[in-house]
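Summary of structural features
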Amino acid sequence: MQTIRRAAAILLAVLFLLASCGKPQDGPVDTIKIGVSVYRQDDTFISLLVDHLNEYAKTYEQIKGVKLQLDFSYAQYNQSLQNDQIDGFLQKDYDVVLVNVVDRTAAGGLVDKAKTAQKPIIFFNREPVREDLDRWRLAYYVGADAAESGELEGRLLVDAYMDDPARLDRNGDGVLQYVMLEGDPGHQDSMIRTETSVRTLTQAGIRTEKLASSIANWQRVQASTKMLLWIEKFGSRIEAVIANNDDMALGALDAYANTGVADLPAIVGIDGTPGGLQAVSDGRMLGTVYNDSSSQARHLIQLACQLAAGESLESLPLTDSKYLLTPYIHITSENAALYSDAE
Ligand code: GAL
């Protein structure tokens, strides 16, 4: 099955490249220069996305016989450093810039820079508001719908609860006591996942009680530190750990491992990273939600090279003429192994 998935992924990549990035309107393009600025280097999901970008860039070169120069810079979670990096790409006449923006409220200024330089700018993963994208005809966003991920995460808990209420509601009080581990403040995924995961539970008729919530900035170590305090404070009253991503869910698991507590609550995450999928497969996590970094990378390369070549975007599945979004996928121990191979 894994071989079939791998073969299908390669075939898809070849088909998309054959279908796109043809001859530019005003003469052949020998080298397409793409500058990528990433919000920080030590983020697991973003590292997977970067790997896939490199992969698709190579496939593109092989199939199209055009050189694709993909240069990365890392902003170390510092917006003014990222502004300088974007200025640098534009001054050096890169054809397109891809931005994983540090601070979403700074996106408008970056769009204006790209517009002044008359270059396309594509944001990814950290989503600017629509008004900022509307400032420039050639501003786009590639990512996924944050609400969908939160709803699917909540659904993992709803399904398990409906299947066997006692498995989640361990004290039998008819209320699901949970703790929430949140990503970085200001990120659309943190805010929306936090809200929609819990709303999905309450809409399914499950009563909930938040014992604690805290920001752990998507980071495993920060999550583990918070979780240790909560285990000490709430002990077995914690019936569910809802994490905005897999790394923080794994941090919660680290804390349980450190305290020697073997009877784990229901732990859910989002991303489907190799570590997250493994924890779902071996039953330490109840489930995760697959965030399709491979398809997002494919969309980024496809959109970037079509824009660089001045081609029509008609063949792309754009939403509201600005967005390329990939669906999230609900992962339990039943299908986790299928997605491990996709990473
Ligand atoms: C989210 C992802 C997180 C983290 C964050 C960075 O979409 O789920 O794990 O990578 O993006 O912006």
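Residues numbered from 1 in each chain as written. Predicted model: local features only at pLDDT ≥ 70, side-chain atom pairs only at ≥ 80, totals over all residues. Heavy atoms only, no water.

1. Examining the sheet that holds strand S9 (residues 266-268)
- In spatial order, the strands read S7-S6-S8-S9; together these four strands make up an open sheet with parallel pairing. Unpaired on one side and paired on the other, strand S7 (207-215) and S9 mark the two borders of the sheet. Recorded for the sheet is a direction-independent mean angle of 20° between the axes of neighbouring strands.
- Pairing of strand S6 (residues 175-182) with strand S8 (residues 240-243) involves four bridges; the strand directions are parallel. By the bridge assignment, Met180 is partnered in S8 with Ile242.
- Strand contacts of helix H8 (residues 188-203): S6, S7 and S8, with the helix running at about 170° to S6, the strand carrying the most contacts.
- Of the strands in this sheet, S6, S7 and S8 touch helix H9 (residues 220-234), which is tilted by about 135° from S7. (Pairing = 2+ DSSP bridges. Helix = DSSP H or I, 4+ residues; strand = E, 2+ residues; numbered from the N terminus. Axes fitted to C-alpha atoms, helices over the stretch in contact; angles between N-to-C directions. Contact = heavy atoms within 4.5 Å.)

2. What to know about the layout of surface pockets
- The calculated volume of the second largest pocket comes to roughly 250 Å³.
- In terms of lining residues, the second largest pocket is bounded by 13 residues, among which Ala160, Arg167, Leu286, Thr332 and Ser333 are the most central.
- At four residues, the largest contribution of residues to the lining of the second largest pocket is made by helix H6 (residues 146-163).
- Of the residues assigned to the lining of the second largest pocket, the class counts are five nonpolar, four polar and four charged. (1 Å grid on protein atoms, 1.4 Å probe; cavity = no way out; pocket = protein on both sides within 12 Å on 5 of 7 lines; lining within 4 Å. Points joined across faces, edges and corners; volume = space filled by probe spheres on them. Nonpolar A, V, L, I, M, F, W, Y, C, P; charged D, E, K, R; others polar.)

3. Looking at empty space enclosed by the protein
- The full count for this structure, using the stated rule, is two cavities of 30 Å³ or more.
- There is about 100 Å³ of room inside the largest cavity.
- Around the largest cavity, the lining comprises 13 residues; the ones closest to its centre are Asp43, Phe45, Asn125, His187 and Trp218.
- Secondary-structure elements contributing two or more residues to the lining of the largest cavity are helix H2 (44-64) and H8.
- Of the residues contributing to the lining of the largest cavity, the split by class is four nonpolar, four polar and five charged.
- Approximately 50 Å³ is the volume found for the second largest cavity.
- Taken together, Asn125, Tyr141, Gly143, Ala144, Gln188, Asp189, Asn291, Gln296 and Tyr328 form the lining of the second largest cavity.
- Of all the elements in the fold, those that place two or more residues in the lining of the second largest cavity are strand S5 (139-144) and H8.
- At three residues, S5 tops the list of elements feeding residues into the lining of the second largest cavity.
- Classifying every residue of the lining of the second largest cavity by side-chain character gives three nonpolar, five polar and one charged.

4. A short note on the site of the ligand
- Taken together, 13 residues are adjacent to the ligand, and Asp43, Asn125, Asp189, Arg193 and Asp271 come closest.
- At a separation of 2.6 Å, an oxygen atom of the ligand approaches a polar side-chain atom of Asn125.
- A distance of 2.9 Å separates an oxygen atom of the ligand from a polar atom in the side chain of Arg126.
- Calculation on the ligand without its partners gives an accessible area of 310 Å², and the protein chains cover 99% of this total.
- Placement of the ligand is best described as lying within the largest cavity.
- Taken together, the elements giving at least two residues each to the shell around the ligand come down to H2 and H8.
- Partitioning the shell around the ligand into residue classes produces four nonpolar, four polar and five charged. (Near = heavy atom within 4 Å. Polar contact = N/O pair within 3.5 Å; in protein donor to acceptor, adjacent residues only side chain to side chain. Areas by Shrake-Rupley, 256 points an atom, 1.4 Å probe, with all protein chains shown as cover. Sits in = over half its atoms within 2 Å of the grid points.)

5. Observations regarding the packing of aromatic side chains
- Here the structure, examined in full by the defined rule, presents four aromatic pairs.
- Note on Phe89 and Tyr94: the rings are 4.8 Å apart at their centroids and 65° apart in plane angle, and the pair reads as edge-to-face.
- Residue Tyr94 is classed as buried on the basis of its relative accessible area, which comes to 8%.
- Pairing Tyr290 with Tyr339 gives two aromatic rings, centres 4.9 Å apart and planes at 50°, and the pair type is tilted. Residue Tyr290 is found in strand S10 (residues 288-290), and its partner Tyr339 is found in helix H13 (residues 336-340); the two are separated by 49 residues along the sequence.
- We classify Tyr290 as buried; its relative accessible area is 2%.
- A cation over a ring is seen here: Lys33 above Tyr94, with NZ or CZ 4.7 Å from the ring centre.
- Positioned above the aromatic ring of Tyr39, the side-chain terminus of Arg126 is 3.9 Å from the ring centre. (Phe/Tyr/Trp six-rings, centres within 6.5 Å; stacked < 30°, edge-to-face > 60°. Buried < 20%, exposed > 50% of the residue type's maximum accessible area, 1.4 Å probe, protein only. Lys NZ or Arg CZ within 6 Å of the ring centre and 35° of its normal.)

6. Observations concerning the nonpolar core
- Core analysis: the largest hydrophobic core is formed by 83 residues, its most contacted members being Ile122, Phe123 and Met227.
- No other element matches H2, which puts eight residues into this core.
- Discounting chain neighbours no more than four positions away, the residues touching Phe123 are Val99, Val101, Ala107, Leu110, Val111, Pro128, Leu133, Tyr140, Tyr141 and Val142.
- In terms of nonpolar packing, the next biggest core, distinct from the first, is built from 22 residues, Ala160, Leu168, Ile242 and Leu286 among them. (Core = buried A, V, L, I, M, F, W, Y, C linked by side-chain atoms within 4.5 Å.)

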